[in-house]
Amino acid sequence: MKTKILLLPLAAVLLLGACKGSGSHYEAINNSSAADSVASATADSGTSPKLVKTADMRFKVKNVQQTAEKITTLTANNKGMVMHHQMESTVRDSRDFRISDDSVNRVSSFNTSADMTVKIPSEHLEEFMTEVAHMGMYVTMRKMDIEDKSLDFLSAKLKLNSRKELVDQQKKGKVTIKNPVNVLLLKDDMVDGQIGNLKIDDAVKYSIVMLSFYQSNTILQEHIANDDPSAYNLPFFSRLAGSFTNGWQLFMEAILAIANLWVFILAGISVLLLIRFYRRKYSILPDTIKS
């Protein structure tokens with residue numbers, strides 16, 4: 001019993017030593033320096049919050065094409081950029097009214113809409129949205145979202161600082177990384193962190209605005225050539241004369257076909273004559289036997 005009591009403190013001491021001896025994947029970095037970097041990065045990020053603004057608007061206009069041109073000009077005046085522009089017209093209904101044998105009046109009803117994605121400096125976002133709203137007859141939907149990326153930026157920055165410190169210690173020989181692949185992965189993570197923070201900075205500086213606008217259905221009348229081949233028929237008497245000509249040609253073709261089959265016709269007549277001959281012969285024989 002006393003032996004068990006003595007073994008318990010010994011096991012606790014060994015466990016504590018094992019915990020202190022275990023390191024991180026890269027042989028560990030000084031905790032005090034990491035805490036200092038967190039504190040300094042937090043102090044720096046507190047002065048410049050990373051607010052990402054996005055906006056969306058749908059509205060009706062009188063003329064889609066003219067509105068798209070005005071938005072493009074307004075975007076350039078605000079030192080922005082048009083990232084996407086698509087305009088589409090869809091025919092809803094179409095009817096043809098015959099004017100003559102070779103022409104029709106085509107009346108079409110179509111709908112026109114457009115989608116645009118623009119990149120605007122964040123300080124001009126509110127003013128830009130207001131001016132665009134004034135271009136439409138009315139706005140069916142308008143919204144703006146603000147997302148705080150300060151913590152994401154801080155997290156990436158702290159990780160980047162830690163990796164830089166580890167690389168510096170590895171160059172000075174203070175830390176040994178046995179597997180070269182881990183060095184490459186570490187540097188790739190540093191590049192990804194830098195690119196991620198650059199993207200956040202760009203998103204903070206420039207806001208993405210998605211615009212969708214449309215107009216009322218438009219009626220278009222066109223005087224065009226008749227594209228129905230059946231409408232281009234000859235006059236009645238011309239077609240009647242052609243029918244007589246075609247009938248005579250068919251009759252001549254039938255005569256020629258019969259002439260080509262003369263051998264079969266002659267053979268058929270011969271077979272019929274033989275059948276009649278044998279019928280008469282066998283019909284006479286019973287009378288002669290009876291007599």
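Residues numbered from 1 in each chain as written. Predicted model: local features only at pLDDT ≥ 70, side-chain atom pairs only at ≥ 80, totals over all residues. Heavy atoms only, no water.

Requested: an account of the overall build of the protein, with residues and values cited.
A tally of regular secondary structure across the protein gives 8 helices and 6 strands. Going through the 291 residues of the protein one by one, you find that 23% of them count as buried. Taking the contacts inside the protein whose residues are at least 6 apart along the sequence as the reference set, 81% of them involve residues at least 24 apart. With the model as given, the accessible surface of the protein reaches about 21,300 Å², and the carbon-plus-sulfur share is 60%. (Helix = DSSP H or I, 4+ residues; strand = E, 2+ residues; numbered from the N terminus. Buried < 20%, exposed > 50% of the residue type's maximum accessible area, 1.4 Å probe, protein only. Contact = heavy atoms within 4.5 Å. Areas by Shrake-Rupley, 256 points an atom, 1.4 Å probe, with all protein chains shown as cover.)

Give a detailed account of the nonpolar core, specifying residues and quantitative values.
In terms of nonpolar packing, the biggest core is built from 20 residues, with Phe 59, Ile 71, Phe 128, Val 132, Val 209, Leu 211 and Phe 213 touching the most fellow members. Looking at this core, the elements that each hand over two or more residues are β1 (51-60), α3 (64-77), β3 (103-121), α4 (125-135) and β5 (206-214). Per-element accounting of this core gives the leading share, 5 residues, to α4. Setting aside residues no more than four positions away along its own chain, Phe 213 makes contact with Phe 59, Val 61, Val 64, Thr 67, Ala 68, Ile 71, Ser 113, Ala 114 and Met 116. (Core = buried A, V, L, I, M, F, W, Y, C linked by side-chain atoms within 4.5 Å.)

So what's going on with the packing of aromatic side chains? Residues and values would help.
Scanning the entire structure with this criterion turns up 3 aromatic pairs. With a centroid separation of 5.3 Å and an interplanar angle of 25 degrees, the aromatic rings of Phe 59 and Phe 213 are classed as stacked. Pair noted here: Phe 59 is in strand β1 and Phe 213 is in strand β5, with a separation of 154 residues, a long-range link. Exposure remark for Phe 59: the relative accessible area of 0% places this residue in the buried category. By relative accessible area, which is 0% here, Phe 213 ends up buried. The ring of Phe 153 carries the charged tip of Lys 50 above its face, separated from the ring centre by 4.4 Å. (Phe/Tyr/Trp six-rings, centres within 6.5 Å; stacked < 30°, edge-to-face > 60°. Lys NZ or Arg CZ within 6 Å of the ring centre and 35° of its normal.)

Lay out unusual backbone geometry with the relevant residues and their values.
At Lys 79, a position not held by glycine, the phi torsion is positive, near 60 degrees. Secondary-structure assignment places Lys 79 in the loop between α3 and β2 (81-100).

Run through the side chain of Lys 60, naming residues and quoting values.
Among the structural elements, Lys 60 can be located in strand β1. With residues near it in sequence (within four places) discarded, Lys 60 still touches Gly 136, Met 137, Tyr 138, Tyr 214, Gln 215 and Ser 216.

Summarise α4; cite the residues concerned and give the values.
All buried positions along α4 are accounted for by Leu 125, Phe 128, Met 129, Val 132 and Ala 133. Mapping the buried residues of α4 onto a view down its axis gives an arc of 135 degrees, with all of them on the same face. Looking at the buried positions of α4, the neighbouring elements they touch are β1, α3, β3, β4 (138-148) and β5. (Arc of directions from axis to C-beta.)

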